[in-house]
Structure formats: C-alpha cells, structure tokens
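Listed here are the chains, written in short residue letters.
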There are 4 protein chains.
Amino acid sequence: MTVTETQVTLIQIDNYGPWTVSPTPRREPDLQTLQSRLYADLSQLVAHDGGYVFSTRFDNMIAVTNGIDLSGHRRIQAAVRNRYPVTVSLGVATGSSPREAVGEATATLQAAGSAQDSDRTEILRGEPLCEDGTVQIAHFDVNDATGQYTDELNAFDVFRHIDRGYSALLEYMYDAHDSLSFFIGGDNVISVTPGLDRAAFAETIEHVEEAAGIELKVGVGRDLTAGDAGMAAKEALERCRNRGTRVEIGTGESAGRA
Amino acid sequence: MTVTETQVTLIQIDNYGPWTVSPTPRREPDLQTLQSRLYADLSQLVAHDGGYVFSTRFDNMIAVTNGIDLSGHRRIQAAVRNRYPVTVSLGVATGSSPREAVGEATATLQAAGSAQDSDRTEILRGEPLCEDGTVQIAHFDVNDATGQYTDELNAFDVFRHIDRGYSALLEYMYDAHDSLSFFIGGDNVISVTPGLDRAAFAETIEHVEEAAGIELKVGVGRDLTAGDAGMAAKEALERCRNRGTRVEIGTGESAGRA
Amino acid sequence: MTVTETQVTLIQIDNYGPWTVSPTPRREPDLQTLQSRLYADLSQLVAHDGGYVFSTRFDNMIAVTNGIDLSGHRRIQAAVRNRYPVTVSLGVATGSSPREAVGEATATLQAAGSAQDSDRTEILRGEPLCEDGTVQIAHFDVNDATGQYTDELNAFDVFRHIDRGYSALLEYMYDAHDSLSFFIGGDNVISVTPGLDRAAFAETIEHVEEAAGIELKVGVGRDLTAGDAGMAAKEALERCRNRGTRVEIGTGESAGRA
Amino acid sequence: MTVTETQVTLIQIDNYGPWTVSPTPRREPDLQTLQSRLYADLSQLVAHDGGYVFSTRFDNMIAVTNGIDLSGHRRIQAAVRNRYPVTVSLGVATGSSPREAVGEATATLQAAGSAQDSDRTEILRGEPLCEDGTVQIAHFDVNDATGQYTDELNAFDVFRHIDRGYSALLEYMYDAHDSLSFFIGGDNVISVTPGLDRAAFAETIEHVEEAAGIELKVGVGRDLTAGDAGMAAKEALERCRNRGTRVEIGTGESAGRA
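Residues numbered from 1 in each chain as written. Chains lettered and ligands numbered in written order. Predicted model: local features only at pLDDT ≥ 70, side-chain atom pairs only at ≥ 80, totals over all residues. Heavy atoms only, no water.

By the naming in an unreviewed UniProt entry, chain A is GTP cyclohydrolase III, taken from Natrinema altunense. Regarding chain A, the UniProt comment filed under Catalytic activity (unreviewed entry) reads as follows: "GTP + 3 H2O = 2-amino-5-formylamino-6-(5-phospho-D-ribosylamino)pyrimidin-4(3H)-one + 2 phosphate + 2 H(+)". Recorded in UniProt for chain A, the comment headed Function (unreviewed entry) runs: "Catalyzes the formation of 2-amino-5-formylamino-6-ribofuranosylamino-4(3H)-pyrimidinone ribonucleotide monophosphate and inorganic phosphate from GTP. Also has an independent pyrophosphate phosphohydrolase activity." (UniProt positions renumbered as here; feature names shortened; annotations may be inferred.)

Visitor: What exactly am I supposed to notice about the relation of the copies chain A and chain C here?
Guide: The two chain copies are related to each other by a rotation about an axis together with a translation along it. Rotating chain A by 180 degrees and moving it 0.0 Å along the rotation axis overlays it on chain C with an RMSD of 0.0 Å. Expressed as an axis order, the relation between the two copies is that of a two-fold axis. Among all C-alpha atoms of chain A, that of Pro85 of chain A lies closest to the rotation axis, at 2.0 Å. With an isologous cut-off of 70% or more, the 100% of interface residues of chain A that recur at the interface of chain C puts this contact in the isologous class. (Least-squares fit on C-alpha atoms with pLDDT ≥ 70 in both. Contact = heavy atoms within 4.5 Å.)

Visitor: Any chance you could explain the interface of chain A and chain B here in plain terms?
Guide: Tallying the contact residues gives 73 residues for chain A and 74 residues for chain B. Contact between chain A and chain B buries roughly 6000 Å² in total, counting both sides, with carbon and sulfur atoms accounting for 55%. The largest contributions to the chain A side of the interface with chain B come from Arg27, Arg57 and Phe156 of chain A, which together make up 13% of the buried area. Connecting chain A to chain B are eight salt bridges. Among the ionic pairs, Arg164 of chain A bridges to Glu171 of chain B, the shortest N-O distance being 2.9 Å. Inspection of the chain A/chain B interface yields 44 residue pairs in polar contact (both at pLDDT 80 or more). Counting residues per element, the ones that place at least two in the side of chain A that touches chain B are strand S1 (6–13), helix H2 (28–48), strand S3 (60–64), helix H4 (98–110), helix H5 (145–150), helix H6 (155–177), strand S7 (180–183) and helix H8 (226–243) of chain A. For the side of chain A that touches chain B, a count of residues per class yields 29 nonpolar, 22 polar and 22 charged. (Buried area = accessible area lost by both parts, 1.4 Å probe. Salt bridge = Lys/Arg side-chain N within 4 Å of Asp/Glu carboxyl O. Polar contact = N/O pair within 3.5 Å; in protein donor to acceptor, adjacent residues only side chain to side chain. Helix = DSSP H or I, 4+ residues; strand = E, 2+ residues; numbered from the N terminus. Nonpolar A, V, L, I, M, F, W, Y, C, P; charged D, E, K, R; others polar.)

Visitor: Mind showing me how you'd approach the pattern of salt bridges here?
Guide: Close approach of charged atoms lets side chains of opposite charge pair. For the structure shown, the criterion picks out 72 salt bridges over all chains. Put simply, Glu122 of chain B and Arg81 of chain B hold a salt bridge, and the shortest N to O gap is 3.0 Å. Here Glu122 of chain B is found in the loop between helix H4 (98–110) and strand S5 (124–126), whereas its partner Arg81 of chain B is found in helix H3 (residues 70–83), with 41 residues between them in sequence. Classification of Arg81 of chain B as partly exposed rests on a relative accessible area of 33%. Note that Arg246 of chain D is salt-bridged to Glu209 of chain D, the shortest N-O span being 3.0 Å. Of this pair, Arg246 of chain D sits in the loop between helix H8 (226–243) and strand S10 (247–249) while Glu209 of chain D is found in helix H7 (residues 198–212), placing the two residues 37 residues apart along the sequence. Salt bridges here are not isolated pairs; linked through shared partners, they connect Asp157, Arg160 and Arg164 of chain A together with Glu171 and Asp175 of chain B. (Buried < 20%, exposed > 50% of the residue type's maximum accessible area, 1.4 Å probe, protein only.)

Visitor: What exactly am I supposed to notice about the interface of chain A and chain C here?
Guide: Where interface size is quoted, it is often the accessible area lost as the parts come together. On the side of chain C, 15 residues touch chain A, which itself brings 15 residues to the contact. Between chain A and chain C lies a buried interface of about 1300 Å² when both sides are counted; carbon and sulfur atoms form 39% of it. Taken as a group, Asp30, Asn82 and Arg83 of chain A account for 47% of the area that chain A buries against chain C, more than any other trio of residues on that side. Between the two partners, chain A and chain C, sit four salt bridges. Among the ionic pairs, Arg83 of chain C bridges to Asp30 of chain A, the shortest N-O distance being 3.3 Å. Counting across the chain A and chain C interface gives eight residue pairs in polar contact (both at pLDDT 80 or more).

Visitor: What is the right way to look at the relation of the copies chain A and chain B in this model?
Guide: Here chain A sits on chain B after a turn of 180 degrees about the axis and a move of 0.0 Å along it, with an RMSD of 0.0 Å. A high fraction, 100%, of the interface residues of chain A reappear at the interface in chain B, so the copies pair face to face through one surface.

Visitor: Sorry if this is basic, but what is going on with the domain arrangement of chain A here?
Guide: Residues and elements named next belong to chain A. One can read the domain layout of chain A as domain 1 (6–125) and domain 2 (135–256). Its C-alpha centre places domain 1 at a distance of 25 Å from the equivalent point of domain 2. Each partner contributes to the interface: domain 1 provides 14 residues, whereas domain 2 provides 17 residues. Between domain 1 and domain 2 lies a buried interface of about 1400 Å² when both sides are counted; carbon and sulfur atoms form 71% of it. Three residues stand out in domain 1 for area buried against domain 2, namely Tyr52, Phe54 and Arg99, and they jointly supply 44% of the buried area on that side. At the surface where domain 1 touches domain 2, the tally comes to one salt bridge. (Domains from an automatic or database assignment.)

Visitor: Explain the pairing of strand S6 (residues 135–142) of chain D to me, please; I cannot follow it from the model alone.
Guide: In the case of a regular strand, side chains alternate between the two sheet surfaces. Residue and element names in this part refer to chain D. Most of S6 is tucked away: eight of the eight residues are buried. A two-sided burial pattern is seen for S6, the buried positions comprising Val135, Ile137, His139 and Asp141 on one face and Gln136, Ala138, Phe140 and Val142 on the other. Of the pairings in the sheet, the one linking S6 to strand S9 (residues 216–223) comprises eight bridges and is antiparallel in character. Note that in S9 the partner of Ile137 across the bridge is Gly221. Bridge count between S6 and strand S8 (residues 188–193): six bridges; the pairing is antiparallel. Opposite Asp141, over in S8, you have Asn188 as the bridge partner. (Pairing = 2+ DSSP bridges.)

Visitor: What's the story with H3 of chain B in this structure? I'm lost.
Guide: Each α-helix turn comprises 3.6 residues. Residues three or four places apart therefore point the same way. Helix length check: H3 of chain B, at 14 residues, gives a terminal C-alpha distance of 20 Å against a target of 20 Å (1.5 Å per residue), a fit within 8%. Every buried residue of H3 of chain B is accounted for by Gly72, His73, Ile76, Gln77, Ala78, Ala79, Val80, Asn82 and Arg83 of chain B. (Expected span 1.5 Å × (residues − 1).)

Visitor: How should I be thinking about the environment of Ala107 of chain D in this particular structure?
Guide: With respect to the element layout, Ala107 of chain D can be found in helix H4 (residues 98–110). The spacing of Ala107 of chain D and Gly91 of chain D is 16 residues in sequence and 8.1 Å in space, taken between C-alpha atoms.

Visitor: I would appreciate a short explanation of the sheet that holds S7 of chain A in the present structure.
Guide: Strands in a sheet are paired, the pairing made by backbone hydrogen bonds, and the direction either parallel or antiparallel. Residues and elements named next belong to chain A. Strand order in this open sheet of five strands is S7-S8-S6-S9-S10, and the pairing throughout is mixed. Two strands in the sheet have a free side with no partner beyond their single neighbour: S7 and strand S10 (247–249). Across this sheet, the average inter-strand angle for adjacent strands is 20 degrees, counted without regard to direction. (Axes fitted to C-alpha atoms, helices over the stretch in contact; angles between N-to-C directions.)

Visitor: Hey, could you run me through the sheet that holds strand S2 (residues 52–54) of chain B in this one?
Guide: All names here are of chain B. Pairing within the open sheet is mixed, and its five strands lie in the order S2-S3-S1-S4-S5. The open sheet has two edge strands with one neighbour each: S2 and S5. Between one strand and the next, the sheet's axes are offset by a mean angle of 20 degrees, whatever the strand orientation. In this structure, S2 lies alongside strand S3 (residues 60–64), joined through three bridges in antiparallel fashion. Counterpart to Tyr52 in the pairing with S3 is Val64. Taken strand by strand, helix H2 (residues 28–48) contacts strand S1 (6–13), S2 and S3, and its axis lies near 160 degrees from that of S2.

Visitor: Would you take a moment to explain the confidence of the model for chain A for this structure?
Guide: Regions with low pLDDT carry predicted coordinates that are not meant to be interpreted in detail. All names here are of chain A. Per-residue pLDDT for chain A averages 94, and the proportion of residues at 70 or more is 97%. Between residues 254–258, whose pLDDT stays under 50, and residues either more than four places distant or in other chains, the model counts 15 contacts. Interface confidence for the predicted complex, given as ipTM, is 0.95, next to a pTM of 0.95. (pLDDT = per-residue confidence, 0-100.)

Visitor: What exactly am I supposed to notice about the packing of H2 of chain B against H3 of chain B here?
Guide: Think of two packed helices as two axes; the pair is described by the angle between the axes and how far apart they sit. Residue and element names in this part refer to chain B. With their axes 11 Å apart at the nearest point, H2 and H3 run at an angle of 150 degrees to one another. Compared by their axis directions, H2 and H3 come out roughly antiparallel. Between H2 and H3 lies a crossing whose hand is right-handed. Each of Leu38, Asp41, Leu42, Leu45 and Val46 in H2 lies in contact with H3, whose residues at this interface are Ile76, Ala79, Val80 and Arg83. Tallied by class, the residues present in the contact of H2 with H3 amount to seven nonpolar, no polar and two charged. (Parallel < 35°, antiparallel > 145°, perpendicular 65-115°, else oblique. Left-handed = near helix turned anticlockwise from the far one by under 90°.)

The structure is reproduced here in structure tokens:
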C-alpha cells in the first residue's frame, strides 16, 4: 500500500449568515431543513465518488475527498446551485496528516476573501491529489450505549455523556495525532487519521475512558477512498462486537463499494 | 402571561442500532442521508404546529411541542412510517423546567421497553399540556464569529472553538438553570429555558467567556409556542446586533408565524 | 351539508423557463430533482392544512385548498423561498365548479403579469372562501391493472394504455362535468368534481371503457377539506375492491385526518 | 461513432399497490411525497453514472442506462432500500430500438414473478451492454408556450393542450419510430430514439401540428450516455431558439458533463 495522504475539501456556504436574516430573520425550522437537506445531498454527491462529508458546523463542512478531481468538485457546486437558494465555495488540499490538509484547504479559501463577502461566491481552489494515497478511517462507538445510557438516563443526560466523550476524543486525536474527529449520530464518531497503529488506538480509548468515563471501541480501515476505508472500518467494528475486542484493524481488501 | 411550562417530546428511532448493521453494515453516507432527511422532515412536521425539533443524537431527538396534542403526535408517527424505512416512538411530558420535562418524557418511553427491543415500536406515551403555558427560547450566537474565527483559523479549529463554547454553555445552563441547549449550526445555539431573566443571561454569557474564551450575545423570546418564541428570540438577537448589546428580551407580541 | 364550493390555487414557478437555461442549459436530472422535490414539499405544506396539490405541469401546479386562508398561502411562499432557488406565485379563487375556480385563479394571476416577467415574483392574489363549502373528490383506478397490464405488456405499452384511459377521463369529466382530473401515479386518477351523483360516475366509467377500452372503478368522498374528502374517497374505493362494485360514495363522516 | 444501441432499465417498486392500502389506505399526500422523492433520488443516482430516468407511472419508471453495469444497478437498489419504506426491482436490456429494449427489460422482470408478488423483491435481471453504443436523445418543446398558452388560457386548459400534444407525439414516435417519449414538465418532452435523421424529426413535428394543433421544435443529441446526449440535445434546442429553426442536431462533442 502507498502512503497515507488525506485529501480534504472545505465546503463553505457563501455569505450564509447575512442570508439567514435578510431581509428579516428567516424561520429557524426552514433553516434547519435547508442545512440538513444540503448536508444529505452533499453526502450523496461526495459518496458517489468515494468520499465522506461531515456536517461539522453545517455552514462549513469538512469532507474527505481522495479520488475526486476538480471537475468532480465543479459538479458538486453545480448541483447545489441548481437545487438550493445558496451556493458553496470549495477549498481542496492534501497532506500526510488530516490536520495539515484542512489547514491548507481553509487557507486557500480564505485567500479568496471573507466567508461573508457577497462578491466571493462559488470559489473553487486547491489541488487534488495527483497520485493515489491511502486514507485511514476509524469508526468509534460506545460500549453498550443503549443498556448503559439510552435506557437508563434522561435523553439530555445521555446526550451530555456522549458529547463529553466525543469532545475528549476530538481533542486528544487532534492534539496527539493530527486527526479530525466528527460525531455522526447515535454513539458514533468517525476519525480521519494518518497511519496510526493498534497501540495508538488502544491508548486513545484509554485516554477517553479516563478523561470522560466513556468506554469506546474502534474499527479501523484503510483504502484508496474514504468510502472504502469507512466500510472496512465498519466491518472491523462489527468484529469488535462479535469478538468482544476494543480495536480491530481491517485489511481493506474486503471493502468493496456495495 | 401564564407561567412557563415547557412541553418536551422525545423522538426515538425504533431499534435503530441493529437496523444499521443488518444484515451487514449499511453504507455510512446512506445512514447520514436518512438521519438528516428524517430530521429535516420532523423539523417541518413539528414546526407546522408551532414546535421546534433539535437534532441532538439524530437517533434520539428532543422537541419542544407546546400546543401539539396526541393526535398531532400520531400524525407525525404516520408521516415517518409512510416515508422512511424506520419508525419512531414518542414520549411526551411537561414541566416547569425543561430538564424536568425531558426527564419525564424519557421515563415514560423507557417504561415501555428498551430502545433496542424489536417489539417496542411506534410507542406514543405521555400527556400533553391541557392548558396554555408559555415557552421561553434563547437564541445565542458568537460575536463576530466570521471575522474572529471563520476567516482566521483553520476550519477544524474554528469548529473546536465553537464546540467548546457550546459545551460550556450547555453544561452551565443545565446545571444552573435546568435548561436544555442545542447547537443548531454555524455559531448558533438555542436554549430552552424556564423563565430566566436578563441577569441570568448576562451571567451565563460571562461564565462562557471565562470558561471557554468565547464571547456570546443572546436574544430571548417568550410565547405560547416554540415557533413564536423562537422567532421573537431571533428578532431580539437582531436588536443585539444593531444596538451592540449582549442581551435583548423580546416582548413576543411582535412574533407572528410568517 | 353545505353546497359544493371548490377553492383552487394555481401555483406557478416564477420565470422558470428562462431560469432553466440561464446562463446555459442546466442539467436535466437536476431540474427533475428540483421539480419533484418542490412538488413533494408543496404536497406536505398544503396537506398539513387539509389541501391536495397535483403536479400537473410541474412548473404550474393546481391545488385544492378549501380551508386555507391568505396567511396560509403566504407561509407556503415563504417556505419555498427559504429552501429553493426559485419562488412561486399563487392565484386563489373559488367556484361552484372546479373549472370555474381554476379559470378565476388563473385570471387573477395573469392580470399581475406574464409568467416569464422577471419583475413579477411572489404574487399572491385572490380571495379564499369565507364560509365553509364542501369539496368532492373522486379517486379512480383501473380494474386489475397489475394482472391485465403490468404483468402482461411491456412497461411502455402499459403506460400508453393508462395514459389513454386518463386522457379520455380527463376530457370527459372536463367537458361534461366541469371537473379537473389528475394522474397521480400507478393506475390512479383523482378528479375534483362539483356534487356529481352515482349515475354521473357510472356513466363516466362507461364512457371511458368505450372510448379507451379501460375499465375503471371509483370511490367518492365529500368533506370540508380535500384531505378529508380524499381519504373518504380512498376508503370508498377500498369498498369497491371488497364488494366488486364500480362506484362507492363515502359518507365523509368516517374520514378523519389520521 | 458506433451504432445506436439503447440500454433501458425498468424500475418497479415491489408490491407497491398492496402497500399503499395496508393495513388501511395511506394518506395520498404522503404517497405523492414518497413517489416524487423516490423519483428525485433515482434521477440523481442514475444521472451520476450518466443515465436519465423518467417518472412514467411513478411506481414503474423507465430509465436509459447506457454505461451503467450490474454493480451500478445494485448500488441503486441498496440506496433505495436504505432510505425508503419500499424496495425496487430492476430489469435491464438493450436493443437497437428503445421499444425493443423496453420490451426485453420488462419481459425479464415479468419472468421473475408478478409485480404484486410479495416474495418477488429486489430482483435484478438482464444484461447491460458490453460494448459502447451511442444513445440518441431528442428534447422537444412548444413554440412560445408562455405567450400562446400559459399567459392566455386557464391553467387546466393549458395542461390539456400540452397533454394532447404530448399524446400525439408519444403515439407517433412509438408507432412510426419505435421511440419512447416522456413528458418532463412545463412544455417539454424527451424522446429516446434510434438513429433518426433530420427529416424524421421534421416530419414528426408536422404530424403533431396537424394532429393536435401544437407547434414543436426539437434539439437532438447523440453520445455514449443519456446524460451527455441529453445535454447536447438541450444545447441544440437553444440553437433552435436563437436561430428560429425547428430541428437542430448536436454534434455531441460539445456535450460534456458539467
């Protein structure tokens, strides 16, 4: 396998803040509908070419786009323009660490102007990977979250516990491993990591348990695209469930887009 | 105005965890699409009757549903069943504090069985408000988030800062004021609060600034439904922007569903 | 029951034709996505207040909106504006016949300017019903369409047969009874009719059988809203299936929005 | 260029009729929402691989899928299963005429059982094209539809005129040229044709004008996929508008997926 090389795309809704209150504040449920549908569409558009998108702040989303070239990015911009009352700008960059890649992706977009500059629309900047690199995806979940939390505590307390565990994981993975971690619903977190090994994941799980009292397990996959690596990670996580283990690393060969 | 009495509905996807890996793990982008579309639909369904839904954990969502009776809740269940491959159970409760209401709404659902019991589907339990109570909604955002963060830091660092501010706010509002707070995208957080006054909000903002280094402002609205209270809150937040103030409390009379 | 009085709303996408080719032709699948999602949303928005929308030409849709006032119509316009790259104009009118109502609804919109006038956007004109009138909905389907057609002929030939039956029904119901008929998928057609009786429906079915060789049955419902009348019609159609009859007329009392 | 060889996929919702009335009739607006969203999703899924889908009867849809292999078809089935309460079966076939292809695609699905057999779900049968063939797409619209119809007649009368023109075109293209024609909204019809020449299109337009009194123009494109051929057709139709001509045939080279 080739080296780990993550391609990141920053997706930014153009001049969104001013739009939400123009000419007067728009109804919040309509904004929530717009944001979540746009995220759903971007998930599909990016997934079709093998990528993963994370909702992040909703008006600024981070995607792992290994394998998607500039014309693929342009198709995404056109699809948004043709269906929504807003447009998106895209910054693309690669790096041996995800942190480096998101830094560069952001910088290239910031260089084009402010996110609230009404003249800065539908920017597409950056340089997709020329050669194949592998991406590593880690899929975490909480051990027996339903039995320990959902069926026991009030729903907001459960959310707080999950959120604390996520925050602890996010900070540690970023500071110690230059990784980006995203809550994806339920008790699930996906981390985009450089080529971390089993020991690094075991250590991370221990850290979160100490810091936030949450017990995690993780499945890890590597492949040429986030989609294939992510599916390998999910299959590895199933092996954790079946075997009672805390870290499983997938070969990636079993991952096919199905 | 009548006393603050918040009606909360816990929306739980039935037996969702097992479904996501049955018979083998489903593709993550399809799950993200399902979850975010379901949230978008619930936003609309609940908003039409005056409520607000928060995405929370996506498989467990918390809604403020003052003014929606049991038949309204049944319509929501039917709409989900008719459009999605999953169904939802609903627990409804009221309380003078949102914390009390979510506790009771959760308990009534937990009493019907586990969230992962395949026989426990489409439960509807609880007692909506018989008489009108007012709901108070507080809409926070970060001062000059674009200038200070979005245009300056890398997108993941911005997200971390916003997330830290949100966590600090969430914890303080819950512990000190029995309030529920939800990140709704961008740099925005909505809190569902009992009848807090201006001093309580000013103190909260100071606390978050000290704890997380994030400067907030807040617009507050009260009305018979979350929709009207939320719109009053957004208009109050606009007044903060125009006047340079940190707390504005709306009269609610200006709030009409438009 | 009160007299039959149909309220019709013409929903017209503003200046849509020019938009679809501006600055160059947009991809057809994106336009299809936009149109069908907009129709889905309008279905829900209008249904929530008791109405029915028909996709008609997609850029011009006809809705039965008994019970929806001008502020309800304004909410629909705002919802579209907040989620789509296009806006809609609405013309509302009532009449003892649906034909009369659609004529007046169209005229009131045409008086405001051309559908392709870029300055004529988000018009809302007309006068909703002040008093309650009942609406009558007839739901037709083809006898044993699956056995006779879908499982026997090629899919396009099936479509041709269904389309011919629909065209024959549409023309006859319009010319003989001032009714509006809409294909709604599968082998189903809904007609919005003035207060036709059993004999008129029996005669209509005979006419379509002679003209197009298609055997229909019909369930009919009357109620204060299209939603309730339509549900009564569907239940009546089920009685046709169970009893082997060709015309069943519902009392309407059984219709509740569920 | 290679010979015209159309690949057609019949998309059939499994056992849909019984589902719509089980256990009691489902609300019609929810069914309309389901059908139109499913069509929107299929448009995107198929378009991403270069195909076009037509809504046809909504529970039976016809797609032109040149370039999409069996694994692409399986991905479409999985996407539907993961997002909707229904599943789809697919029959795939090719032919030098579209009529032949749809006949074979239907037959292969019918051979697997009835559309209303509850045990016949998620069938995938047929053989995609091994070698590249070109597909020809013709995009028709009505001359000055807004000026002559939309701004002049009542909205239902406009719809009747457009529908009559469409029916005349559909029948003629099928009987004379083994072509499949689909109304796609507004005043637009797309025909999937074998390699017809300019004279055949001019003659078709004359026929429709005589039979239904509707004046059409048409842009025609040929390429390896429906998406590229369709975009070439749209660009050719723009040339009709600019030059005042009635038939323009695109080279196809200008068509790129943008």
